[in-house]
Amino acid sequence: MDEPDYLICLQCETPTYQFEYVNGKLSTVVCNTCGNDDSSDFVTESEYDEQTGA
């Protein structure tokens, strides 16, 4: 899977561009809006659309 351009924080629904993938897995991420850094609370745009039904 290619790395996405951004991830969406599920806490505040804001895109973040501060993340790092290592060996194809998300290793670090931080939301500049709410400060969330729990990688399980971030999804790609397509995953977000699936969850919200958009």
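See the structure shown above.
Residues numbered from 1 in each chain as written. Predicted model: local features only at pLDDT ≥ 70, side-chain atom pairs only at ≥ 80, totals over all residues. Heavy atoms only, no water.

Glancing now at the overall build of the protein chain. Tallying secondary structure elements over the protein chain gives one helix and five strands in all. If you list the helices and strands of the protein chain from N to C, you get β-β-β-β-β-α. Whereas a compact globule of 54 residues would reach a radius of gyration of roughly 10 Å, the protein chain reaches 11 Å, a difference of no more than 12%. The C-alpha extent of the protein chain, read off along each of the three principal axes, is 30 × 25 × 15 Å. In the protein chain, which comprises 54 residues, the share counted as buried stands at 30%. (Helix = DSSP H or I, 4+ residues; strand = E, 2+ residues; numbered from the N terminus. Rg over C-alpha atoms; globule rule 2.2 N^0.38 Å. Buried < 20%, exposed > 50% of the residue type's maximum accessible area, 1.4 Å probe, protein only.)

With that settled, the discussion passes to the nonpolar core. Formed by Leu7, Cys9, Phe19, Tyr21, Val29, Cys31 and Phe42, the largest nonpolar core amounts to seven residues. When contributions to this core are tallied by element, the ones reaching two or more residues are β1 (7–9) and β3 (19–22). (Core = buried A, V, L, I, M, F, W, Y, C linked by side-chain atoms within 4.5 Å.)

For the rest of this paragraph, the subject is the environment of valine 22. Tracing the sequence through the fold places valine 22 in strand β3. Considered as a pair, valine 22 and threonine 33 are eleven residues apart in the sequence and their alpha carbons are 24 Å apart.

As a further point, take the environment of valine 30. Mapped onto the secondary structure, valine 30 falls in the loop between β4 (25–29) and β5 (42–43). On the accessibility criterion, valine 30 (30% relative accessible area) is partly exposed. Once residues within four sequence positions are removed from consideration, valine 30 is found in contact with Thr16, Gln18, Gly35, Asn36, Asp37 and Phe42. (Contact = heavy atoms within 4.5 Å.)

Purely spatial values, then, with no claim about function.
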